[in-house]
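What follows is the residue order along each chain.
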Amino acid sequence: MNLHHTSNKFKLFEPEVSLTNKLKHLRNVLEAFPLEIDREDTEMYLHSLIKLVAYAKLFSHEDPLPLAAAHLALGLVYVVKKSYWKQGEHHSSEAVVHAENVLTSKEQINTLIESYYLMGYCRLKLGKTGEALEATTAARNCIEELGYLGHKPNCPDLEYKIAVLAAWCSPSRLQLLHESLECQGPPDKNAYIHLMIAQYYRDNKNINDALKSAKQALNLANQFEDVAMQADATRYLAECYIESPGHGCVEEGLLLFRKSIALYTTHFSGLDLSTLSTNDLLINALIKQEMYDEAVEELKAVKEAKILKFGEFSKQMADFYKQLGSLYLIQSRTKEALSVFKSSLSILNVIQTKPNSVTTSIRNTIKSLEANKTEKPAFKLYSKVS
């Protein structure tokens, strides 16, 4: 399992949306362009930035930096607000192209550093570890160049985040991460390094050492009273317990998942992606343990939150109804299964341009249920919700 396969968000090197800093580089463009920013309305956020990129292109022959900064801002919103890694990689690459044309000031080099950093992060998420390392190396080279000018990156933690991201991409990952614990960064960041070390051990099927590192992460998080960090560490520790064969580990893991959900809900909201993804992990863990009644109740409990977050006609809700239908089949609740399978199919018919194997499977299951066959229709339990 690589980092980009796990649902855990390592905020140690996750980009942040800070348009006050990012868009101050647009100077004259911003004076003429009405930028509407509402952090709660992601689509309006994106629509405004897309228009801004198009507008900045009009001036790029005179000064390409505003276009670079606009691409960077758009890429950040795609990544942080929607987890669209391909779009983030594309726009950070565009930002690099335009920022490289004007390396004459602190402002321009900072834009290039942040663009390389975002590019590296997205490539890591896409599984392009080698290319991610190239991007982080380029960012560190730019930081050195900035140092020659007597300056540091605008973001105080950026140099540290890039160093840890580079360590994660390196073949010598474990050694570099341990070195980071010894000599890099503020102590409160070490909790996330411990989580990354735990992930390394999980990748290598060493669940006992993964548990130890995850516990160290949680202990540090509790010391610094950072709720978001506590929630991340609690969730990751829960994942480790669920994978552990030890007696009582599953019960501890389920308890920690619920504690993590409560922390995310308190710090963010019930609609935050961190909260919803942890709910999914809890449901998947219950299914794995064949605790189907509990899984159904947990799944039904998040229905309204998912509708509010993603919309009724979305892939996420199609997956939701498909998973619920699969669980109903296991419980021999065929009438309820038929109803939710129809809901899933109706959504897929709206959002998909043509049928695929999933829609065909659901359609066949519906036909089988409507024929009142005594056997349960063959349908693979869909245990993961996107």
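Residues numbered from 1 in each chain as written. Predicted model: local features only at pLDDT ≥ 70, side-chain atom pairs only at ≥ 80, totals over all residues. Heavy atoms only, no water.

(A) How the structure looks around unusual backbone geometry. Phi is positive for Glu290, which is not a glycine, with a value near 60°. The residue Glu290 is located in the loop between helix H14 (273-288) and helix H15 (292-301) in this model. Phi is positive for Ser332, which is not a glycine, with a value near 65°. On the secondary structure map, Ser332 appears in the loop between helix H17 (315-330) and helix H18 (334-351). (Helix = DSSP H or I, 4+ residues; strand = E, 2+ residues; numbered from the N terminus.)

(B) Quick look at the environment of Cys249. On the secondary structure map, Cys249 appears in helix H13 (residues 249-267). Each C-alpha atom of the pair Cys249 and Ala238 lies 8.9 Å from the other, and the pair is 11 residues apart in sequence. If we ignore the near neighbours within four places in the chain, the residues touching Cys249 are Tyr241, Ile242 and Ser244. (Contact = heavy atoms within 4.5 Å.)

(C) Representation of H17. An ideal rise of 1.5 Å per residue puts 22 Å on 16 residues; H17 measures up with 23 Å between its terminal C-alpha atoms. Among the 16 residues in H17, 13 count as buried, and that is most of the element. Of the residues one or two after H17, Ser332 is the one with positive phi, at around 65°. (Expected span 1.5 Å × (residues − 1). Buried < 20%, exposed > 50% of the residue type's maximum accessible area, 1.4 Å probe, protein only.)

(D) Representation of the pattern of salt bridges in the model. In total, this model carries 13 salt bridges according to the counting rule given. Glu89 is the salt-bridge partner of Lys128, the closest N and O atoms lying 3.2 Å from each other. Of this pair, Lys128 sits in the loop between helix H6 (106-125) and helix H7 (129-148) while Glu89 is found in helix H5 (residues 85-99), placing the two residues 39 residues apart along the sequence. A residue is classified by how much of its surface remains accessible, and Lys128, at 30% relative accessible area, is partly exposed. The partner of Asp209 in a salt bridge is Lys212, with the nearest N and O atoms 3.9 Å apart. Residue Asp209 and its partner Lys212 are both found in helix H11 (residues 207-224); the two are separated by three residues, about one turn of the helix. A network of salt bridges, in which partner residues are shared, links Glu89, Arg123, Lys128 and Glu131. (Salt bridge = Lys/Arg side-chain N within 4 Å of Asp/Glu carboxyl O.)

(E) Main features of the nonpolar core. In this structure, Ile113, Tyr116 and Leu177 are the most contacted members of the largest nonpolar core, which totals 95 residues. Per element, the largest residue contribution to this core is 10 residues, and it comes from H6. Setting aside residues no more than four positions away along its own chain, Ile113 makes contact with Ala139, Cys142, Ile143, Leu146, Leu158 and Ile162. Among the nonpolar cores identified, the runner-up in size contains 12 residues, and Leu49, Ala56, Leu74 and Tyr78 belong to it. (Core = buried A, V, L, I, M, F, W, Y, C linked by side-chain atoms within 4.5 Å.)

(F) View of the packing of aromatic side chains. Evaluated as defined, the whole model comprises five aromatic pairs. Between the aromatic rings of Tyr78 and Tyr84, the centroid separation amounts to 6.0 Å while the plane-to-plane angle is 20°, which identifies the pairing as stacked. In this structure Tyr84 comes out as partly exposed when scored by relative accessible area, which is 33%. Ring plane angle 80° and centroid distance 5.3 Å describe the contact between Phe320 and Tyr321, whose orientation is recorded as edge-to-face. In this structure Phe320 comes out as buried when scored by relative accessible area, which is 0%. Looking at Tyr321, the relative accessible area reads 6%, which means it is buried. Sitting above the plane of the Trp168 ring, Arg173 keeps its charged end 4.1 Å from the centroid. (Phe/Tyr/Trp six-rings, centres within 6.5 Å; stacked < 30°, edge-to-face > 60°. Lys NZ or Arg CZ within 6 Å of the ring centre and 35° of its normal.)

(G) Looking closely at the environment of Val302. Structurally, Val302 can be placed in the loop between H15 and helix H16 (303-310). The spacing of Val302 and Gly270 is 32 residues in sequence and 8.8 Å in space, taken between C-alpha atoms.

(H) Focus on the environment of Ile287. The residue Ile287 is located in helix H14 in this model. Separated by 40 residues in sequence, Ile287 and Leu327 place their C-alpha atoms 8.6 Å apart.

(I) Quick look at the packing of H11 against helix H12 (residues 227-243). Direction vectors running N to C along H11 and H12 enclose 160°, while the axes themselves pass 9 Å from each other. The angle between H11 and H12 places the two elements in the roughly antiparallel class. Between H11 and H12 lies a crossing whose hand is left-handed. Across the interface between the two elements, Ile207, Ala210, Leu211, Ala214, Lys215, Ala217, Leu218, Ala221 and Asn222 from H11 touch Met229, Gln230, Ala233, Thr234, Tyr236, Leu237, Cys240, Tyr241 and Glu243 from H12. (Axes fitted to C-alpha atoms, helices over the stretch in contact; angles between N-to-C directions. Parallel < 35°, antiparallel > 145°, perpendicular 65-115°, else oblique. Left-handed = near helix turned anticlockwise from the far one by under 90°.)

(J) Representation of helix H19 (residues 357-370) in the model. Look at H19: 20 Å from first C-alpha to last across 14 residues, which is about the 20 Å you get at 1.5 Å a residue. The inward-facing, buried residues of H19 contact H17 and H18. For H19, the capping residue at the N-terminal end is Asn356, with a side-chain oxygen 3.0 Å from the backbone nitrogen of Val358. Looking one or two residues beyond H19, the residue adopting positive phi is Asn372, at roughly 55°. (Polar contact = N/O pair within 3.5 Å; in protein donor to acceptor, adjacent residues only side chain to side chain.)

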